[in-house]
Amino acid sequence: MSDRNYALIHGLSRSRLWAAVLLLIMGITWGAAVSLGKIAAEGGGHPLGLNFWQGLIGGLTLLALAAVRRRLPSIRPKAMGFYVICGILGSSAPGILLFFILPKISAGVVSITFATVPLITYGLSYLLGIERLSILRCFGILLGLAAVGLIVVPEESLPEAGQALWVLLLLACATSYALEAIVIDKWRPDGEDAIALTTGMLLVGAGLLIPFMALFDGYLDIFVPWRTAEWALFAMAVTSSLAYAIYLYVVQIAGPVYASQTAYIVTFSGVLWGMALFEESHSGFVWAALALMLVGLTLVRPRVD
């Protein structure tokens, strides 16, 4: 083997290893975000205030990164409209609902339910004529629905009666995120940097909450000595935004199909974080749901043509 070929193979191996390490970091970080959000929500803050600060802190974190890269968010009318729509679908609406639900259900079940986002995205994309019919991917959606059924139907699945309602509301959150993914795919402004777009989405999404905080007395004062809840909120906002930046980098160096595999790590690590931080235990139905959901993700995951 020539020195040139050896260097090429060695370089590819190092690149794949680096991408795998980033995938692991990203999945563990996003998985932890659910538990951090639960800690913040259990601190008693209003969901409006919690979501406002989560979006603002995350947006400012990415704004600093965008400034370092000298690719700030655009203020063109098309970009501003994009920020508003995605700020609602991907930040404000699901975030408020999530902070309301998190104190009422385990972090592990939340993580499993959120794994439905890719499944719902494909289903909506097919209904809108964006994706072609795929029997395997449809079967993956059915497995995801079966997983949700294993969580909400058996009385022995969840620890308390009535929690099935919160799981169904989490599906509304997942649907909102799926709609955001479709909007990003179809109507993302041309020539705009992904990190700058996400910055705009988070900041505008936070700004949209200001009148509602005033109307419903939902402001959360963080200019006080911080307790565990405030630190958890700050950590959730910063780590989630940085994880997204890592995701975009992995897409760039390894492709979107490879980067999409983080869904497996996020789901599984979210369950483990819940067990570690809250001493959560799950019924056999929930573990079976996790297994079905991971298989469903495998089938729905986009293929390389």
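A quick note: this is a predicted structure, and the numbers were derived from the prediction, not measured.

Draft legend 1. Focus on the state of the cysteines. A full pass over the atoms with the stated rule returns zero disulfides. Free cysteine: C173, not disulfide-bonded; nearest cysteine sulfur from C86 at 16 Å.

Draft legend 2. Representation of empty space enclosed by the protein within the structure. A complete count under the given rule lists one cavity of 30 Å³ or more for this structure. Its volume calculated, the largest cavity comes out at about 50 Å³. Taken together, A40, G43, G45, L50, L220, R227, A229, E230 and L233 make up the lining of the largest cavity. The element contributing the most residues to the lining of the largest cavity is helix α10 (residues 228-254), with three residues. Grouping the constituent residues of the lining of the largest cavity by class yields five nonpolar, two polar and two charged.

Draft legend 3. Here's a closer look at the side chain of T113. The topology assignment puts T113 in helix α4 (residues 107-114). Judged by relative accessible area, T113 falls into the buried class, the value being 0%. Within the structure, the side chain of T113 is placed 2.8 Å from the backbone oxygen of V109, a separation counted as a polar contact. Residues in contact with T113, not counting those within four places in the same chain, are V167, L170 and L171.

Draft legend 4. Up close: helix α7 (residues 163-187). Given a rise of 1.5 Å per residue, 25 residues ought to cover 36 Å, and the 36 Å separating the end C-alpha atoms of α7 matches this to within 8%. Those residues of α7 not exposed but buried are Q163, W166, V167, L170, C173, A174, S176, A178, E180, I182 and V183. Looking at the packing, one finds that the buried side of α7 touches α3 (77-101), α4, α5 (117-127), α6 (135-152) and α8 (194-208).

Draft legend 5. Expanded view of the environment of L168. Following the sequence through the fold, L168 ends up in helix α7. It is 18 Å that separates the C-alpha atoms of L168 and P47, two residues lying 121 residues apart in sequence.

Draft legend 6. Structural detail: the pattern of salt bridges. Across all of its chains, the model carries six salt bridges by this definition. Two residues, D193 and R69, come together in a salt bridge whose shortest N-O distance is 2.8 Å. With D193 in the loop between α7 and α8 and R69 in helix α2 (residues 47-69), this pair connects stretches of sequence that are 124 residues apart. D193 gets classed as buried once you look at its relative accessible area, which sits at 10%.

Draft legend 7. Structural view of the packing of α3 against α8. Their axes nearest at 7 Å, the elements α3 and α8 cross at an angle of 75 degrees. In this view, α3 runs roughly perpendicular relative to α8, as classed from their interaxial angle. In this structure, α3 contributes F82, Y83, V84, C86, G87, I88, S91 and S92 to the contact, and α8 contributes A196, L197, G200, M201, L202, V204, G205 and L208. Across the contact of α3 with α8, the residue classes tally to 11 nonpolar, five polar and no charged.

Draft legend 8. Structural view of unusual backbone geometry. Even without a glycine there, the phi angle at R70 is positive, about 60 degrees. Here R70 is to be found in the loop between α2 and α3. Within the chain, E279 stands out as a residue other than glycine whose phi angle is a positive 55 degrees. Position of E279 among the secondary structure elements: in the loop between α12 (262-278) and α13 (284-300).

Draft legend 9. Structural view of the confidence of the model for the protein chain. For the protein chain, per-residue confidence averages 87 on the pLDDT scale, and 93% of positions sit at 70 or higher. Taken as a whole, residues 1-12 scores under 50 in pLDDT and shows two contacts with residues more than four places along the chain or in a different chain.

Draft legend 10. Focus on the packing of aromatic side chains. Applying the stated criterion across every chain, the model contains 10 aromatic pairs. Consider the rings of F114 and Y177, whose centres lie 5.7 Å apart with planes at 75 degrees: the pair is edge-to-face. Of the two residues, F114 sits in helix α4 while Y177 sits in helix α7, which places them 63 residues apart along the sequence. Measuring from centroid to centroid gives 5.7 Å for W226 and F234, while their planes differ by 50 degrees, and the two rings are tilted. Residue classification places F234 among the partly exposed positions, given a relative accessible area of 33%. Linked through ring pairs, F52, W53, Y219 and F223 together constitute an aromatic cluster. We note K38 situated over the ring of F278; from NZ or CZ to the ring centre the distance is 5.6 Å. Here the basic side chain of K104 rests over the ring of F100, its NZ or CZ set 4.0 Å away from the ring centre.

Draft legend 11. Structural view of a nonpolar patch on the surface. Taken together, the side chains of L17, W18, V21, I25, Y249 and I253 define a hydrophobic patch exposed on the protein surface, amounting to about 530 Å² of accessible area. In terms of residues, the nonpolar patch owes the most to one element, helix α1 (residues 3-41), which gives four residues. Relative to the helices and strands, Y249 resides in helix α10. For Y249, a relative accessible area of 37% gives the class partly exposed.

Rules used in this analysis
- Residues numbered from 1 in each chain as written.
- Predicted model: local features only at pLDDT ≥ 70, side-chain atom pairs only at ≥ 80, totals over all residues.
- Heavy atoms only, no water.
- Disulfide = S-S within 2.5 Å.
- 1 Å grid on protein atoms, 1.4 Å probe; cavity = no way out; pocket = protein on both sides within 12 Å on 5 of 7 lines; lining within 4 Å.
- Points joined across faces, edges and corners; volume = space filled by probe spheres on them.
- Helix = DSSP H or I, 4+ residues; strand = E, 2+ residues; numbered from the N terminus.
- Nonpolar A, V, L, I, M, F, W, Y, C, P; charged D, E, K, R; others polar.
- Buried < 20%, exposed > 50% of the residue type's maximum accessible area, 1.4 Å probe, protein only.
- Polar contact = N/O pair within 3.5 Å; in protein donor to acceptor, adjacent residues only side chain to side chain.
- Contact = heavy atoms within 4.5 Å.
- Expected span 1.5 Å × (residues − 1).
- Salt bridge = Lys/Arg side-chain N within 4 Å of Asp/Glu carboxyl O.
- Axes fitted to C-alpha atoms, helices over the stretch in contact; angles between N-to-C directions.
- Parallel < 35°, antiparallel > 145°, perpendicular 65-115°, else oblique.
- pLDDT = per-residue confidence, 0-100.
- Phe/Tyr/Trp six-rings, centres within 6.5 Å; stacked < 30°, edge-to-face > 60°.
- Lys NZ or Arg CZ within 6 Å of the ring centre and 35° of its normal.
- Patch = residues over 30% accessible without salt bridge, like charges linked within 9 Å, V, L, I, M, F, W, Y side chains within 5 Å.
- Areas by Shrake-Rupley, 256 points an atom, 1.4 Å probe, with all protein chains shown as cover.

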